[in-house]
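The lines below spell out each chain.
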Amino acid sequence: MSKILVIGGTGFIGSHVVSRLARDGHVLSVPTRLRQRARDLLLLPTVDVVEADIHDDAILDGLVAGCDAVVNLVGVLHSRPGNPYGPDFARAHVALPRRILDACYKAGIRRLVHMSALGAMPDAPSEYLRSKSAGEEVLVAARTRIDATVLRPSVVFGPDDRFLNLFATLNRWFPVLFLGCSKAKFQPVHVDDVAECVARCIADCDSIHRCYDLCGPNVYTLRELVAFAGAASGHPRPVIGLSDGLAYFQAWAMEWMPKKLLSRDNLRSMRVPSVSSAGFPFGIVPQVLVATAPAWLGSKANQSHYDDFRGRAGR
Ligand SMILES: NC(=O)c1ccc[n+]([C@@H]2O[C@H](COP(=O)([O-])OP(=O)(O)OC[C@H]3O[C@@H](n4cnc5c(N)ncnc54)[C@H](OP(=O)(O)O)[C@@H]3O)[C@@H](O)[C@H]2O)c1
């Protein structure tokens, strides 16, 4: 049993990682900007959710002190633009890993598991992927100071994801879907398989200084995934692929929405196939999307009329 700091532990992947690590009996500290967001984690007996500004060095030092390992899952999908990447990507994906590294060094902690993304490369077409690559570089350059493992998932799915669920919602709302980058390739991986992998990394010293691609067993195009989410949720709609020009115009328009669903940088990320031929590590057999997702996409569809009632009641 160890004491582990899980930074980014309140997010979609993070909450599954925290639950999985708690099952192994670890004592977990989970910082968040807003404690309320981590309601589900508050019920876990060995988990301490703390409201903290992880971008403050003194606070980060305090969080890291006394831990045996750190898991870093912080990631953002959107940033103000910049070259090679915007300031928000730089802060979350590059400066934060560097500061975590320094805090670990000061506290004498060596073990770190870091979540990157498949397709991260210094010369990737998107700022997101370039910044993720720079974050990995920070750890590679410090390999004498830190025992890091880097995980690089393709798109991650699960009952509470913002990927298939978003497509299911769009299928419900619109009679026809116009889709950019419809031929983009993904190899979706189940969130529980990712969480299992983090737990195995913590338990297995052989994973130190290793980098693992995390992919499900099958490759799908974006169009196939959108059509699947529509069919599985009971609202199959025609999906029409957009030309590159129209796709960029659509993404540009969506950047002006209060809640960004898609950006031009997201489209550029999709130009890199999010697939890998490396097998899943630790002998884990990854779950098949089309076998597992219909169970929750279908049941959510049955309950979707409650959302309509809630919306009309202003709740
Ligand atoms: N989901 C995927 O399909 C996917 C695919 C490939 C790679 N990844 C990577 O996996 C990691 C986790 O992804 P996710 O989908 O679980 O993300 P998520 O649900 O958006 O969660 C993000 C987490 O990071 C924290 N965070 C976000 N912005 C922050 C900021 N500016 N300052 C401090 N904390 C911040 C949030 O904490 P608060 O409680 O403070 O909000 C939250 O715990 C990320 O590094 C992501 O790039 C995800």
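Enquirer: Would you mind showing me how to read the overall build of the protein here?
Expert: Helices and strands together make up the secondary structure of the protein, namely 11 helices and 13 strands. Its C-alpha atoms give the protein a radius of gyration of 20 Å, within 12% of the compact-globule value 20 Å for 315 residues. Considered along the principal axes of its C-alpha atoms, the protein spans approximately 55 × 40 × 40 Å. Here the protein holds 315 residues, and the buried ones make up 44% of them. Put simply, 75% of the contacts in the protein that link residues at least 6 apart link residues at least 24 apart.

Enquirer: I keep staring at the sheet that holds strand β2 (residues 27-32) and nothing clicks. Help me out?
Expert: Sheets are built from strands paired through backbone hydrogen bonds, the pairs being either parallel or antiparallel. One open sheet holds the 7 strands; their spatial order is β3-β2-β1-β4-β5-β6-β11, and the pairing between them is parallel. Looking at the sheet topology across the chains shown, the edges are occupied by β3 (47-51) and β11 (211-214). On average, each strand axis in the sheet is tilted by 20 degrees relative to the strand beside it, whichever way the strands run. The pairing of strand β1 (residues 3-7) with strand β4 (residues 69-72) spans 4 bridges and is classified as parallel. Bridge pairing in β4 places Ile7 opposite Asn72.

Enquirer: Could you clarify how one ought to interpret the packing of helix α6 (residues 164-173) against helix α8 (residues 222-232) in this entry?
Expert: Each pair of packed helices can be summarised by the angle the axes make with each other and by the distance between the axes. In the contact formed by α6 and α8, the axes pass within 8 Å of each other and the chain directions differ by 65 degrees. With respect to α8, the axis of α6 lies roughly perpendicular. Where α6 crosses over α8, the handedness of that crossing is right-handed. The segment α6 lies against α8, with Leu164, Phe167, Ala168 and Asn171 engaging Leu225, Val226, Ala229 and Gly230. Looking at the contact of α6 with α8 residue by residue, the classes come out as 6 nonpolar, 2 polar and no charged.

Enquirer: What is the right way to read the site of the ligand from this model?
Expert: Every one of the 23 residues lining the ligand counts as a neighbour, but Gly11, Ile13, Thr32, Arg33 and Gly75 are closest to it. If you tally residues by element for the shell around the ligand, the top one is helix α1 (residues 12-23), at 3 residues. A breakdown of the residues in the shell around the ligand according to their chemical character gives 14 nonpolar, 7 polar and 2 charged.

Enquirer: Would you take a moment to explain the nonpolar core for this structure?
Expert: Nonpolar side chains tend toward joint burial in soluble globular proteins. If you look at the biggest cluster of nonpolar residues, it comprises 89 residues, and the most contacted ones within it are Val6, Val70 and Val71. No other element matches the 8 residues that helix α4 (residues 87-107) contributes to this core.

Enquirer: When you look at the pairing of β4 in this model, what are you seeing that I'm missing?
Expert: If a strand is regular, its side chains alternate between the two faces of the sheet. The alternating pattern of β4 places Ala69 and Val71 and Val70 and Asn72 on opposite faces, both of which are buried. Judged from the 4 bridges that link them, β4 and strand β5 (residues 111-115) form a sheet pairing that is parallel. When the sheet's bridge partners are listed, Asn72 is paired in β5 with His114. Regarding the hand of the β-α-β motif, the stretch spanning β4, α4 and β5 is right-handed.

Enquirer: Looking at this structure, how should I read the packing of α1 against helix α7 (residues 191-203)?
Expert: Relative to each other, α1 and α7 sit at 50 degrees, their axes nearing to 8 Å. The angle between α1 and α7 places the two elements in the oblique class. Where α1 crosses over α7, the handedness of that crossing is right-handed. Seen from α1, the contacting residues are Phe12, Ile13, His16, Val17, Arg20 and Leu21; seen from α7, they are Val191, Asp192, Val194, Ala195, Glu196, Val198, Ala199 and Ile202.

Enquirer: Mind showing me how you'd approach unusual backbone geometry here?
Expert: Glycine aside, negative phi is the norm for most residues, and most peptide bonds take the trans geometry. The residue after Asn83, namely Pro84, is reached through a cis peptide bond having omega 5 degrees. Among the structural elements, Pro84 can be located in the loop between β4 and α4. With a phi close to 65 degrees, His209 is a non-glycine residue in the positive phi region. Examined against the element boundaries, His209 turns out to sit in the loop between α7 and β11. Exposure remark for His209: the 13 C-beta atoms within 10 Å place this residue in the partly exposed category. Here the phi dihedral of Phe282 falls at roughly 60 degrees; this positive angle occurs in a residue that is not glycine. Classification of Phe282 as partly exposed rests on a count of 15 C-beta atoms within 10 Å.

Enquirer: I keep staring at the environment of Arg162 and nothing clicks. Help me out?
Expert: Structurally, Arg162 can be placed in the loop between β7 (156-157) and α6. The exposure class assigned to Arg162 is partly exposed, which follows from the 14 C-beta atoms found within 10 Å. Sequence separation between Arg162 and Leu63 is 99 residues, and the spatial gap between their C-alpha atoms is 29 Å.

Rules used throughout
- Residues numbered from 1 in each chain as written.
- Predicted model: local features only at pLDDT ≥ 70, side-chain atom pairs only at ≥ 80, totals over all residues.
- Helix = DSSP H or I, 4+ residues; strand = E, 2+ residues; numbered from the N terminus.
- Rg over C-alpha atoms; globule rule 2.2 N^0.38 Å.
- Buried ≥ 20, exposed ≤ 12 C-beta atoms within 10 Å, placed from the backbone.
- Contact = placed C-beta atoms within 7 Å.
- Pairing = 2+ DSSP bridges.
- Axes fitted to C-alpha atoms, helices over the stretch in contact; angles between N-to-C directions.
- Parallel < 35°, antiparallel > 145°, perpendicular 65-115°, else oblique.
- Left-handed = near helix turned anticlockwise from the far one by under 90°.
- Nonpolar A, V, L, I, M, F, W, Y, C, P; charged D, E, K, R; others polar.
- Near = placed C-beta within 6 Å.
- Core = buried A, V, L, I, M, F, W, Y, C linked by C-beta atoms within 7 Å.
- Right-handed = clockwise from strand over helix to strand, strands pointing away.

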